[in-house]
Amino acid sequence: MLIKDHLPAYIARDQYEHNLRQLAANTAQAGGVVRAGPSLLSGRLICGRCGLAMATQYTNSGSGLRYVCSREAVDYGAPLCQALAGAPLDALIGRLVLEALQPAALEISLQVAEDLQGERARRHEHWQQRLERARYEAARAERQYRAVEPENRLVARTLEQDWEAALAAQDQLEAEYARCMASEPTALSAEERTRIRQLAGDLPALWTAETTGNDERQAIVRLLVERVIVTVVDDSEQVAVEVHWIGGHHTRERLTRPVARLEQLSTYPELAARVLCLHQEGQTCAQIARQLNAEQWHPAKRRQTFNAAMVATLLARQGVAAGSSTRRQAPWVDRQADEWSLRELALELEMPSVTLFSWLRRGVLQARRVERGGQRQWLIRADAAEVERLRALRSVPRRWARHVRVGSDDPSVDPA
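Presented here is a report on the structure given in the accompanying data block. Just so it is clear, the model here is predicted, and its values are computed rather than measured.

Residues lying three or four places apart along an α-helix face the same way, a consequence of the helix completing one turn every 3.6 residues. All of the buried residues along helix α13 (residues 384-394) are E386, V387, L390, R391 and L393. Projected down its long axis, α13 shows its buried positions confined to an angular sector of 160°, all on one face. Considering only its buried residues, α13 is in contact with β8 (339-340), α11 (342-349), α12 (353-361) and β10 (375-381).

What follows is the structure, encoded as structure tokens:
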């Protein structure tokens, strides 16, 4: 039998029970503790492909955020499942959370609280009936024990055991009832309801305020969101997002993420065809870029608009010289997926071709030589993850880059 506060202890029992609840909430199954960093979904994000938890990664000294499903890759050497930039996803979740906390939503929540209070009253009435029955059984056993003749020791011993069993059942039921009462929320008072309605109008400002920490935003998300399931659609910019709210409600959204290459865009075939059509009409790369922007076409990432260099790259990938609408360059022989020419990759990374070639000579890049139009040229292997690595490397100053010695394979003569 547990007797609370019977002996002195190092900490109070309320603190002990709080510690147990906190330890249970800190487990990986419960999503873990609120962590430092700008992520809102740490411990709440699930991969829609394999069903495993996605890891949070910070890049660029903590200013960049990515969500990566890498558990099978880390444990079993399997390919990376999926990854996406974290900022657009966090912005979507933040908007959904603020919408859920709007005054109209709070009115519904308060009505639900009243319904739950009625259900709680009915449940407590059932508990009272059970407790009344247990007390009656204990009192009845006591009366039977006291009514037996003292000389009849065998009957008295049996009735005493029955009485003790009834008392134990009564104590156990009362303890269960006390635990149930402690775990159930109390009803909101009229003052608390009014205060909640007033705070609802200030939530967007409080959410974006500088005084609101990222850990506080993450804690708010954890109070509302049970988990978020994301699925990158065919490695494109389209992401399916399914938010599971605490309480059982589901929300499905569609998110557009930044991708590393134009080929990953779901609209890339239409975009390439549109660029080629405008080029055949005699427009220059700058004119094509302005036309694409007017028609609200968007690049893969880093920019919201096209420029002339990006249009030239699109034409080059289709084997069309940017300066002429009639002359076509020699086709690439056995060009594989995720392979770039030096000029194409330099345009994608927004860096000089000479610097990129120096990386190639130093073994930073993986490439192969091929014949094209009677000349030997480089094809560099770089998938989405490799492009991100090179872009991060580009932002780090390299002292040895000033001492690169370029030989006869100077990329300045590369017609790619």
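Moving on, there is more to tell.
So, about the sheet that holds strand β6 (residues 238-245). With mixed pairing, the four strands of this open sheet are ordered in space as β1-β5-β6-β7. Whereas interior strands pair on both sides, the edge strands pair on one side only; in this sheet they are β1 (45-47) and β7 (250-256). Strand-to-strand twist of the sheet, defined as the mean angle between neighbouring strand axes without regard to direction, takes the value 25°. Pairing analysis gives seven bridges linking strand β5 (residues 225-232) to β6, with the strands arranged antiparallel. Pairing of V225 across the sheet is with W245, part of β6. Of the strands in this sheet, β1, β5, β6 and β7 are in contact with helix α3 (residues 86-100), which crosses β7 at around 145°. Running over the sheet, helix α7 (residues 214-224) touches β5 and β6 and is turned about 95° from β5.

Between α11 and α13, whose axes approach to 10 Å, the crossing angle comes to 65°. As for the relative orientation of α11 and α13, their crossing is right-handed in sense. Where α11 approaches α13, its residues L345, E348 and L349 are matched on the opposing element by V387, L390, R391 and R394. Partitioning the contact of α11 with α13 into residue classes produces four nonpolar, no polar and three charged.

Here we come to the pattern of salt bridges. Should the charged atoms of two oppositely charged side chains come close, the side chains can pair. Using the criterion set out here, one finds 15 salt bridges in the structure. In this structure, E17 engages R13 in a salt bridge whose closest nitrogen and oxygen atoms are separated by 3.1 Å. In this pair, E17 and R13 are both assigned in helix α1 (residues 13-25), four residues apart and thus about one turn of the helix distant. Residue classification places E17 among the partly exposed residues on the basis of a relative accessible area of 27%. On the basis of relative accessibility, which here comes to 28%, the residue R13 falls in the partly exposed class. Residue E174 pairs with R135 through a salt bridge whose shortest N-O separation is 3.7 Å. Here R135 lies in helix α4 (residues 103-147) and E174 lies in helix α5 (residues 153-183), a separation of 39 residues in the sequence. For E174, a relative accessible area of 29% gives the class partly exposed. A residue is classified by how much of its surface remains accessible, and R135, at 38% relative accessible area, is partly exposed.

Calculation rules
- Residues numbered from 1 in each chain as written.
- Predicted model: local features only at pLDDT ≥ 70, side-chain atom pairs only at ≥ 80, totals over all residues.
- Heavy atoms only, no water.
- Buried < 20%, exposed > 50% of the residue type's maximum accessible area, 1.4 Å probe, protein only.
- Helix = DSSP H or I, 4+ residues; strand = E, 2+ residues; numbered from the N terminus.
- Arc of directions from axis to C-beta.
- Contact = heavy atoms within 4.5 Å.
- Pairing = 2+ DSSP bridges.
- Axes fitted to C-alpha atoms, helices over the stretch in contact; angles between N-to-C directions.
- Left-handed = near helix turned anticlockwise from the far one by under 90°.
- Nonpolar A, V, L, I, M, F, W, Y, C, P; charged D, E, K, R; others polar.
- Salt bridge = Lys/Arg side-chain N within 4 Å of Asp/Glu carboxyl O.

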